[in-house]
Structure formats: structure tokens, C-alpha cells
Amino acid sequence: MLDCSPYSDMRLKSVEREGNILSLRLNKGEQRIVPVSADCVRVLYSQGEFSDDAAKPCITKLPSFSDWSYTEDEAYVYLDMPALKLKIDKESNCFYYYSADSQLLFRERAKRSKELKEIPVYSLNTKEAQKEYVDTSDGRKEVIRDAGRIQTGTAYQTRLNFVFDDDEAVYGLGQHEEGYHSIRGNCIYLNQANRTIAIPFFVSVKGYGLFVNSCSPSIFNDGCEGTYFYTEADKEMDFFFIGGGSPDAVIKGFRKITGKAVMLPKWAFGYIQSQERYETQKEILDVAAQYRKRGIGLDCIVLDWLSWPDGQWGQKSFDEKRFPDPDAMTATLHEENVHFMISIWPNMAENCENVKDFEERDLLLPGVHIYNALKEEARTLYWEQAQKGLFCHGVDAWWCDNSEPVCPEWMEAVRPENAKNYEQYCKSVSAHIPAPYMNAFGLYHAMGIYEGQRKSAPKKRVVNLTRSGYPGQQRYGTILWSGDISASWDTLRKQIAAGINFCASGMPYWTIDIGAFFVKNGLQWYWDGDYDDTAQDPAYCELFTRWYQWGAFLPVFRGHGTDVRRELWNFDRSEAPFYDALLAANKMRYSLIPYIYSLAGNVYLNDGLIMRPLSYGFTQDKNTYDIFDQYLFGDNMMVCPVTEAMYFGKEKKEGGYKRKVYLPLGCDWYDMYTDKKYSGGSTIEADAPLDKIPVFIKAGAIIPMTEPALSVAELSDDITIHVYPGADAGFELYDDAGDGYDYENGDYSIKKLAWDDKKKVLTVNGAECGCKTVIH
């Protein structure tokens, strides 16, 4: 018979407290448990040396926490913290995580709960690289087809094995176009892509979260092969277990580790008009003027790619022929309270002036003409070029496109399977970016833009619309969007779920291309829209209208795309009042700015979210766990987008203009349009005519609103407070200067609104409210 070598790597040899670290020495390697707060603990595991936190860009400097103790007996080690307890099996090294009242929250697999495999790490031998160029809708790409590799060190593939409860719902892991609801039962590949944003963090309805502090590609799996979190290449296993007792408390814990989300300028919550693409200075000014002439709210217009001279992709300067006087252009826009956003790229053409500066200082990624954002010197140079060529001309905001600069599936003739794409991503990206940092390019890129602008213009808030995100990026004024999606009702449905899970991952600011980027059905696999006749097809106009209505209830409200112009008047057709419905949604957005900006204030002050899964607000109502075509907009408002055709097209629903809506248990609900009151825990058929998106308000809610205007700057200070009786209510009405960073020093105002449902009295900061009030 074969000899069996006993597996004893994880057996505990000794336990010792070293300052604020509990060190567990194993038969092979060491684990460190670092209590971070009363309900959060960090776990590290290595079979060699531990790395320095300075090399880990996701986390901020962690506070020292010493209010904990440990004991042990023959079988277990026990760690006691004020709001979290751990039990560690000495034989298997399996960890059990308990709440303060000893309820089991989470446990690792009983055998081999933590696994490490040492692997070599390579860099590209640029002298042997064979390169070719591929034209894609994302620009011209440099592709390394063959190259030698040089070993530069070693890393670990890591795997944390664990067990969920059977009925446990779990959310997060970023944005995935498959439209996952609870991530349970899925294998999810966390690699950055055009339509994917990888965030290695999930949250359970049981009130805990797991953040894996890794910048490498990773895999979450919950299926027949087990339940685990795997990372591709790390210096050690490193994760945070965050308690808290509720999803919102977990998000707060996540931000304590990865940093606060900074405030966006107030104008960024108005409408942002973009398309692929405005080609001249005159065109941009004409479109903005038309918005003003028609009385449509607009706060920003966007210049997509090719602002640069022809043939100089990525050059950070204006083409003088098409943009002869950018200072005058931005000045004219600013006079009308319209801000200017411009697209910039990390990749540059070989013949442009910008790239020569990087070449001379060896600040490009190996083998490609993409600046090396992982180097501080390169980030500084990139900002200096952006400041000299663009920012000095009155640019207000950045669109950092292609911030996952190596995206192999976009060059394939047929869409690859997710597993194959993950494999190709790891191979392609590791040729240019060190394997332990493959997912973090966008984080470093955003860091450079933020730090550069704050030094150059400390009184101007950074706005960075970008396509690749990672934990910590909320510190840098970023808005994430969902990439180059295609127009269909199925895509719309899945995008709602994608956005909910992205925000459930602790990232507050997200948006989409309203109406989808691709509308027609093209040759490439990703250019697969359903509407070749675009705005001439009323079926697409209906889809666009429903998408726009949904966009008005997102953290950031933005239209963009190709194949058809996206200005609202292009949807003014005789078949149905699409244009009127779009105008109504635009006005609704501007009316809600006092509410929305207060939600943004809550994001900064209290680490809140704007877009939330229903389950985050109603954890006790299991009916909410799998609903992903409805969501909470703040605490008080439930948005229910229309996700199927009702008027035009082959997919048209028969039987009236209604959609099913589930009203969560625990409170009554008001129809926002009719004030009709419904009991929670019921499913209704909500009216959904073309000009309305179903929205419901919690009983016991306060919603501040104002009259709509052409821009956020022109909104009246005369706010109407809408009260929805049924329970005592409170709301913090936040405001500040709207720009600059004085709010970080406490320069903001909060009016504490309170509704006494028994007395039917509304107070502001403890005094009876003298402002206009509507009791519903």
C-alpha cells in the first residue's frame, strides 16, 4: 500500500502577543491576526517574510487597536474583542468568527482552510518581444504575441476556503455584466475588463463582510468545487473580516480600511451630456446652447477621444484646427453654468510628443506605449502633461478612459468564455504589469490625477469618470461607469443588477451609458445592439426613455454612446411622447438635488451609499434577497425601473402599462406620484406609463425637493420638505460651498429635520419648521 504523508502544515506550534498583533506560528509558516477595530480583524499568512503595507495601495494607514485579549486551551485559541470573537482550532487552524453575543457569523472550512502555493513571478524581456497592432473600438492596441520572460521574484497563489449558511445571501465583488443577484452559487472571475470592475470584497446579509487585500486577479467560487476565494499572485494571504451587525455598518468598516469617499462638486449630480463623439469646438458650444434654448437641465458636456491632433493618440493637447481657442470655449460654457469634461488615455501613439518624455525617463510599461502608473514619477509626469496641455484651458473634469489598459477579450473575433478570458488576462497583463498588481492600474492612475490636481488647484474638486475601479479609489474623486455595453432590454435588466452589486461593494459613485454605448448589431462580438435603425425605430426610443428615467435615479446621471446622437431632442418623434418623458425625468432629477446632495454628504460623513440593495435596508425580509430590478435610493426612496417593452417592438408586453413591484416588509409605502399608501410585504401592479418610472417612498420619510432649473448652480434655495407620515422620521439636509475641500475642515451645514408622527410636527434643528412643507 502507498504511504500516506500526514498533512500537518497548519498545526499550531505557538501563540504569542506581539504588541497589537497575535502571532500564530504553524508547522509551516506564520499567521498574524491584527485587530483593527472593535469589530474588524485582519489576517495575514505567509511561509516567508511579510511585506510592508506601503506596497499595498488599497488600504490607508490603519489605526492601532489594543482593546483585545486572548486565551487558549488544549484545543483552541480564543480572541476576544468588544464586538467580535474568534475561535481558532489548533489542529486544523480553522477560524470561527462570532458576534459579541456569540452568534456564529462565518467559518472557514474545517480542513486546509488557508492554502499557499509559491510560484515564480516574471517580467517581459522587451528585447525578444514580437509586437503587432490591432485596431479596436477602444483604439489601436499594441499586442505582444511572443516574448521571452525574466524571473523577478516569487509570490503565492492563495486560497481561503470557507462555508456559507444554506440560505445566506451575499453581495458585492464589483460590477459584472452577467447581472448576478446574490453572488451565491456562482464562479466569478475578478479581472478588470471593459465591462467588468473587480472589487475583492463581499457583504453578507448576516452583517459581516470579507475584504481580500490583493491587487492580483482573483476568483470567487461557490459551487461543486467548494466555496473559496483564490488570488493569483500575492506576497502573502491578506484579508480583513469586518463585523458590524448590518450591511451598512460593514460598508463603514470597509471605508475605515480603504479610506473615505471624497465629495464630488455639486454640479456633478446634474445631467452630463456625452456622445461618441463631439468633433469640434463649435459643435460643443452649439449643443450646449441648444440645451439652454430648449430649457433642458445640463451641467456638463464631454469631449470624447480625438481631442488631440490627428494621428497622435493619447497626446494631452487640443487639435488647433478643430479647437482653435479652448480657453474661449470653456469660458463660454462656464458663463452658462456648463462644465467641461475631457477624455484622456494612458496609452499614447509612438509619434506623439507626450510619449517621448516617458521614453526618455524609462517611465513606460514594458513592451507598450502605456505610462507606468505604478511609479510615482510617471504619475507626476502624466499630470504635468495634462495640466500644461488641457487643465490650464479651463477643463473641469476628467474622463480617464481605458484605465484597464490591457483588455485581451476586446481583440477576439468571438467572445471568450470567462475562464478562458481570465487565463488570457493573467498572461497578457503580467507581461506588462507585475503579477501582484495586475488589477490595480486604474487605482494608481486615479491616484495620480487626484494628487496632481489637488496640488495645482486645491479649491477645485476632482471629478474623474473612469472605467476601472479598485478598493481605495473612492479616495480620489472617481465615478465608475459600466463600459461599452449594447442596447437591449436584457442588457438593461442586467445593468441594474450590476450597478447594485457594484455599490454593494462599498463604492458609492456609479453610472452607465444611458441607452447603451452600442445600438446597432455590428461585426464585432461586443457590438451587438438590437436596433439598427437607432432613433428612427420607436422601439429603441422606448428603451432609451426607460434607460434615461433609470439614469435620473443613479448616483451620477450621464448619457453617452455611439451609433446615434444622444441629445434628447433626437428622440422627439410622432409615434409617442418620448421627448416629453425625457424632459420630465430631467426635471425630476434637478428637483431632487437637495435630497441627492444630502445623500452625497452622508457618503462622506457617515460612509453611506446612495444606491443600495433592498436587502441592505430590509435584512429581515428574505423576499428582498433576490430582487435586483428594484433598489433603494438612499434610505427612503425605492426605485423600480421599467425593464421590458410596453409600447413597441417584438418583445412588447401585453396587458397594460404596469410592472410588478414588491414592497418590503417593515413599513408602509407611498406611490411618489399619487400618494396612494400600500402595506409592506405585498406585491402590487404599479402604474408605469411612458412618462413615469415607478418610485415609492417609505412611510416615515422626509424628502427635500426644489423647483427644477437649467443647472445645479441655478437651483433655488427655497426648498420644500415633503413628509410621508406613518412613523417618526429624520433626515440630515446637507449643504456646502459645492466645490473645494473646505468641507474636510468642517465647513458645511447640516439641518436636522425631524418628524414627530404622533404630534404631526416637523422641526429643524429642534425648532418648529418655518419652511414650505407638504404632508402627504
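What comes next concerns the included structure. (Residues numbered from 1 in each chain as written. Predicted model: local features only at pLDDT ≥ 70, side-chain atom pairs only at ≥ 80, totals over all residues. Heavy atoms only, no water.)

Things to note about helix α6 (residues 418-430)
So the rule is basically this: A run of DSSP states H or I qualifies as a helix once it reaches four residues; a run of E qualifies as a strand once it reaches two. Both are numbered from the N-terminal end. To estimate how far a helix should reach, multiply one less than its number of residues by 1.5 Å. The contact criterion used throughout is that any non-hydrogen atoms of two residues lie within 4.5 Å.
For α6, built from 13 residues, the straight-helix expectation of 18 Å at 1.5 Å per residue is met to within 8% by its first-to-last C-alpha distance of 18 Å. Among the structural elements, β13 (187-190), β16 (218-223) and β17 (226-234) are those in contact with the buried residues of α6.

Remarks on the sheet that holds strand β39 (residues 761-764)
In plain terms, the rule: A pair of strands is labelled paired if DSSP reports no fewer than 2 bridges between them. Simply put, an axis is a line fit to the C-alpha atoms, just over the touching stretch for a helix, and the angle between two N-to-C directions goes from 0 to 180 degrees.
On the basis of which strands lie adjacent, the open sheet formed by 4 strands has the order β37-β38-β39-β40 and antiparallel pairing. Every interior strand has two partners, whereas the edge strands, β37 (729-735) and β40 (767-768), have only one. Where strand β38 (residues 749-756) meets β39, 4 bridges bridge the pair, whose relative direction is antiparallel. Bridged to A754 within β39 is T763. Set on the sheet, helix α11 (residues 593-606) makes contact with β37 and β38; between it and β37 the angle comes to about 90°.

Here's the deal with the nonpolar core
The criterion, for reference: Note on terminology: a nonpolar core comprises buried Ala, Val, Leu, Ile, Met, Phe, Trp, Tyr and Cys residues joined through side-chain atoms within 4.5 Å. Exposure is judged per residue with a 1.4 Å probe applied to protein chains only, and the accessible area is read against the type maximum: over 50% gives exposed, under 20% gives buried, and values in between give partly exposed.
Of all hydrophobic cores here, the largest spans 195 residues; its most connected members are F340, W398, W550, F553 and Y631. For W550, the residues in contact, after removing those within four places along its chain, are L492, Q495, I496, W510, I512, M611, Y631, P641 and I693. With 43 residues, the next largest nonpolar core counts W68, Y156, F202 and V212 among its residues.

What to know about the packing of helix α2 (residues 281-294) against helix α3 (residues 326-335)
For clarity, the cut-off: Should an angle fall under 35 degrees it is taken as roughly parallel, and over 145 as roughly antiparallel, whereas 65 to 115 is taken as roughly perpendicular and any remaining angle as oblique. Amino acids outside the nonpolar list (Ala, Val, Leu, Ile, Met, Phe, Trp, Tyr, Cys, Pro) and the charged list (Asp, Glu, Lys, Arg) are all regarded as polar, and Gly is one of them.
Between α2 and α3, the shortest axis-to-axis distance is 10 Å and the interhelical angle comes to 5°. Classified by the angle between their axes, α2 and α3 sit roughly parallel to one another. Along the contact surface, α2 presents Q281, I284, L285 and A288, while α3 presents P326, M329, T332 and L333. In the contact of α2 with α3, the residues fall into 6 nonpolar, 2 polar and no charged.

Here we look at the sheet that holds strand β20 (residues 300-303)
Read across the open sheet, the 8 strands follow the order β25-β24-β23-β22-β21-β20-β19-β26; overall the sheet is parallel. Whereas interior strands pair on both sides, the edge strands pair on one side only; in this sheet they are β25 (510-511) and β26 (557-559). As defined by bridge partners, strand β24 (residues 478-481) adjoins β25 across 2 bridges and the pair is classed as parallel. Residue pairing in the sheet places L480 in a bridge with W510 of β25. Contacts between α2 and the sheet are confined to β19 (271-273), β20 and β21 (339-344), with β20 contributing the most and set at about 155° to the helix.

A word on the packing of helix α8 (residues 489-504) against helix α9 (residues 538-551)
As a packed pair, α8 and α9 sit with axes 11 Å apart at the nearest point and diverge in direction by 10°. The pairing of α8 with α9 is recorded here as roughly parallel in orientation. Across from W489, T491, L492, Q495 and I496 in α8, the residues of α9 making contact are E542, L543, R546, W547 and W550. In the contact of α8 with α9, the residues fall into 6 nonpolar, 2 polar and 2 charged.

Quick look at the environment of A288
Its place among the elements puts A288 in helix α2. Using a relative accessible area of 7% as the deciding quantity, one classes A288 as buried. Sequence separation of A288 and W68 is 220 residues, and the distance between their C-alpha atoms is 59 Å. Sequence-distant contacts of A288, defined by excluding residues within four places in its chain, comprise L298, I301 and L333.

Description of unusual backbone geometry
Leave glycine aside and you will find that most residues have negative phi; peptide bonds, for their part, are mostly trans. Note that the residue after E276, namely R277, is joined by a cis bond; omega there is -10°. By the element assignment, R277 lies in the loop between β19 and α2. Phi angles above zero are rare outside glycine, and N93 is one such case at about 65°. Tracing the backbone shows N93 in the loop between β7 (84-89) and β8 (95-99). Of note, D607 is a non-glycine position whose phi angle comes to about 60°, a positive value. Assignment of secondary structure puts D607 in the loop between α11 and β27 (611-612).

Quick look at the packing of aromatic side chains
So the rule is basically this: Think of it this way: a Phe, Tyr or Trp ring, Trp meaning its six-membered ring, pairs with another when their centres are within 6.5 Å, and the plane angle makes it stacked under 30 degrees, edge-to-face over 60, tilted otherwise. Counting as a charge over the ring demands two things of the Lys NZ or Arg CZ atom: a distance within 6 Å of the ring centre and an angle within 35 degrees of the ring normal.
Evaluated as defined, the whole model comprises 66 aromatic pairs. The ring of W305 has R277 lying over it, and the distance from NZ or CZ to the ring centre is 5.1 Å. The ring of Y673 carries the charged tip of K692 above its face, separated from the ring centre by 5.5 Å.

A look at the side chain of H560
Stated formally: By the criterion applied in these results, polar contacts are pairs of N or O atoms within 3.5 Å in which, for protein atoms, one can donate a hydrogen and the other can accept it, and in which residues neighboring in sequence qualify only through two side-chain atoms.
Among the secondary structure elements, H560 is positioned in the loop between β26 and α10 (578-591). Within the structure, H560 has its side chain in polar contact with the side chain of S274 (distance 2.7 Å). There is a polar contact of 3.3 Å between the side chain of H560 and the backbone nitrogen of Q275. Not counting chain neighbours up to four residues away, the residues in contact with H560 comprise S274, Q275, E276, D304, W399, D513, I514, A516, F517 and R566.

Notes on the pattern of salt bridges
Heads up, the condition is: Salt bridge, as applied in this entry: a Lys or Arg side-chain nitrogen positioned within 4 Å of an Asp or Glu carboxyl oxygen.
Under the counting rule described, the total for this entry stands at 43 salt bridges. Taking the shortest distance from any N to any O, the salt bridge between K760 and D757 comes out at 3.4 Å. Given the relative accessible area of 47%, K760 is considered partly exposed. For D757, a relative accessible area of 14% puts it in the buried group.

Comments concerning a negative patch on the surface
Short version of the rule: Each patch is built from residues that are more than 30% exposed by relative accessible area and take part in no salt bridge. Like charges join if they lie within 9 Å; nonpolar side chains (Val, Leu, Ile, Met, Phe, Trp, Tyr) join within 5 Å. Note that accessible areas follow from Shrake-Rupley with a 1.4 Å probe, and for residues the cover is restricted to the protein chains shown. Under this rule, positive means Lys or Arg and negative means Asp or Glu; His and the chain ends count for nothing. We put the charge of a Lys on NZ, of an Arg on CZ, of an Asp on CG and of a Glu on CD.
Together, D528, D530, D532, D533 and E651 line one region of the surface with negative charge. Tracing the backbone through its elements, the reader meets D532 in the loop between β25 and α9. In this structure D532 comes out as partly exposed when scored by relative accessible area, which is 48%.

Observations concerning the pairing of strand β14 (residues 197-204)
Judged by how many residues are buried, β14 sits mostly within the fold: 8 of 8 residues are covered. Every second residue of β14 is oriented toward a common face, with I197, I199, F201 and V203 on one face and A198, P200, F202 and S204 on the other, all of them buried. Of the strand pairs in this sheet, β14 and strand β15 (residues 208-212) are connected by 4 bridges, and their pairing is antiparallel. Along β15, the bridge assignment pairs S204 with Y208. Following β14, the chain reverses through 3 residues before pairing antiparallel with β15; G207 in that reversal takes a positive phi of roughly 95°.

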